[in-house]
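Observations on the model geometry
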Amino acid sequence: SALLAEADLAKAVLTQADFGRADLSRAKLLGVVGMETARLDLALLRENDMTGFWLPSAQLSGADLTNAILTGANLGRAALDGASLTGAKLDNAVLKAANLQNAN
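Since this is a predicted model, take the numbers as computed values, not measurements.

With respect to the nonpolar core
General note: in soluble globular proteins, nonpolar side chains tend to be found buried as a group. Leu-24, Leu-29, Met-35, Leu-40, Leu-45 and Leu-60 are the most contacted members of the largest nonpolar core, which has 31 residues in total. What Leu-29 contacts, discounting residues up to four positions off in sequence, is Leu-9, Leu-45, Asn-48, Met-50 and Phe-53.

So this is what it looks like as structure tokens:
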């Protein structure tokens, strides 16, 4: 599990990246390319600004998205089962067919 808290990953290409269990809390992710198929199972994504992110097939099972900003994000069929969304901003987010089982 990687520790990337507060890292600047803006403009990085992360196609099919596996960040399972990684700590990405407060990391700069705006402008990242290729997150739509990323694996972020059990990742810490607290307080991240993911405004407008395209994550239709991302694996976010058990991820901690506490206070994350997901305004306008497309989470289409993303796996969010068991994810913590406490305090997350989901205004205008697309959650069509997303798996939210046991998410809180």
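From this point, things continue past the structure.
Structural notes on the pattern of salt bridges
Note on pairing: side chains with opposite charge can pair once their charged atoms come close. Overall, the coordinates contain three salt bridges when judged by the stated rule. Here Arg-39 and Asp-41 are joined by a salt bridge, their closest N and O atoms 2.6 Å apart. For Asp-64, the salt bridge is made with Arg-46, and the minimal N-O distance between the two is 2.6 Å. Since its relative accessible area comes to 11%, Asp-64 is described here as buried.

A few points about the environment of Leu-75
Given a relative accessible area of 2%, Leu-75 falls into the buried group. When residues no more than four places from it in sequence are discounted, the contact partners of Leu-75 are Leu-55, Pro-56, Leu-60, Leu-80, Leu-90, Val-94, Leu-95 and Ala-98.

About the thresholds
Residues numbered from 1 in each chain as written. Predicted model: local features only at pLDDT ≥ 70, side-chain atom pairs only at ≥ 80, totals over all residues. Heavy atoms only, no water. Core = buried A, V, L, I, M, F, W, Y, C linked by side-chain atoms within 4.5 Å. Buried < 20%, exposed > 50% of the residue type's maximum accessible area, 1.4 Å probe, protein only. Contact = heavy atoms within 4.5 Å. Salt bridge = Lys/Arg side-chain N within 4 Å of Asp/Glu carboxyl O.

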